[in-house]
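# Structure at a glance
One letter stands for each residue in the lines below.
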Amino acid sequence: MYYFIVNPRAGNGAGLKAWLKLEKSIIRRGINYEAYMTDSEGRARKFAARLSRDRDPEKIIAVVGGDGTFSEVIDGLNVDADVTLGYIPVGVGNDLARSLRISASPGRQIRRVLNPRAYRLLDYGVATYGEGKAEHRRFIVSSGLGLDAAISYAEDHSPLKRLFTRLNLRRLPCFLARLNAYVNARPSAGYVLLDRVKRVEFNNIYFLSAQLQPCECGGLYIAPRADASDGKLDVCVLSHSSKREISSILFNLRARFRKIPGMRVYECREVHLHLDVPQLFHIDGEGSAELVTDMDINCIPRKIRIIV
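Read on for an overview of the structure. Quick caveat, the model's predicted, so the values are computed rather than measured.

### Focus: the pairing of strand β7 (residues 142–146)
Most of β7 is tucked away: five of the five residues are buried. Of the strand pairs in this sheet, β7 and strand β9 (residues 198–211) are connected by five bridges, and their pairing is antiparallel. The residue of β9 that forms the bridge with Ser142 is Gln211. Examined bridge by bridge, β7 and strand β14 (residues 270–283) share three bridges and lie antiparallel to one another. Across the sheet, residue Leu145 finds its bridge partner in β14, namely Phe281.

### With respect to the nonpolar core
Core analysis: the biggest nonpolar cluster contains 30 residues, and Ile5, Phe70, Leu85, Tyr87, Ile140, Ile304 and Ile306 have the highest contact counts within it. Of all the elements, helix α2 (residues 43–51) adds the most residues to this core, at four residues. Formed by 26 residues, the second largest nonpolar core is a distinct cluster that contains Ala127, Leu194, Val200 and Ile205.

### Let's talk about the packing of aromatic side chains
Considering all chains together, one arrives at seven aromatic pairs under this definition. Taking 6.2 Å as the distance between ring centres and 80° as the angle between the ring planes, the aromatic pair formed by Phe4 and Tyr33 counts as edge-to-face. Remark: Tyr33 occurs in strand β2 (residues 33–37) and Phe4 occurs in strand β1 (residues 2–6); sequence separation between them is 29 residues. An angle of 40° between the planes, with centres 4.6 Å apart, marks the rings of Tyr129 and Phe281 as tilted. Within this pair, whereas Tyr129 is found in strand β5 (residues 119–129), its partner Phe281 is found in strand β14, the two being separated by 152 residues in sequence. Joined through ring pairs, the aromatic side chains of Tyr2, Phe4, Trp19 and Tyr33 make up one cluster. The ring of Tyr191 has Arg199 lying over it, and the distance from NZ or CZ to the ring centre is 3.7 Å. Directly above the ring of Tyr119 sits Arg305, whose terminal nitrogen or CZ lies 3.9 Å from the centroid.

Rules behind the numbers
Residues numbered from 1 in each chain as written. Predicted model: local features only at pLDDT ≥ 70, side-chain atom pairs only at ≥ 80, totals over all residues. Heavy atoms only, no water. Buried < 20%, exposed > 50% of the residue type's maximum accessible area, 1.4 Å probe, protein only. Helix = DSSP H or I, 4+ residues; strand = E, 2+ residues; numbered from the N terminus. Pairing = 2+ DSSP bridges. Core = buried A, V, L, I, M, F, W, Y, C linked by side-chain atoms within 4.5 Å. Phe/Tyr/Trp six-rings, centres within 6.5 Å; stacked < 30°, edge-to-face > 60°. Lys NZ or Arg CZ within 6 Å of the ring centre and 35° of its normal.

Printed below as a string of structure tokens:
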């Protein structure tokens, strides 16, 4: 039995158009299915919790949306329910699909979901944050503090995002978000504590990021060697005395193929991130207006079964 969690607003409205076409294909194949449309933030999380309440290895929950929708599903999912996930990416950034090499074509990907031949067990992360009462949130791509969070926040809250989408300029808001975050970026001293043992300090940190997947923020290859199934986080620290040097990671399209100046990458199973100056944070590219100085992040190995 297939259960589709659909975000009609994903990709600035592309989700609804894609789903209407996909549904015709599903009906034509005679597939038994139910569809759940998200109408507000948090609904995908509630649907996932309800659909995974009971153990059912035959159940497939397919997500039609972007990274944010899939992240909400992971956050609400009963990971012990033995369900299988499918993913039809219709977002703008699609970092998860890019990292897992899942087809960006909804029509092609729905055929894989309806006729699954290959599966993969993925790790997921748990981020703990909050200056007062601690909050906990799962993620599937990345989570961190600083410049990458500022990029996510600027893109999510761009007043011109819908206009650029209508003009078929979907990548322009991402570029402008990177530019805005770069212009306003201010480094901070801080440190990472790896597996509660190794502490590494820095003076000019622009961001701290814990990666499960190679890329984030719409195609920034922060950790090109990250393996989503190895039970480890790739903790990335961008620290440089020259602000100009960090532009290479934001605006150089070939950054994934070469060493990034000022970037340090560490492997661990859990990490404590600290910045002396409060910064924005993000979870799977969903930027928050809240400023924090500390985050604890843990990797939970190979609990998410997905069709690839």
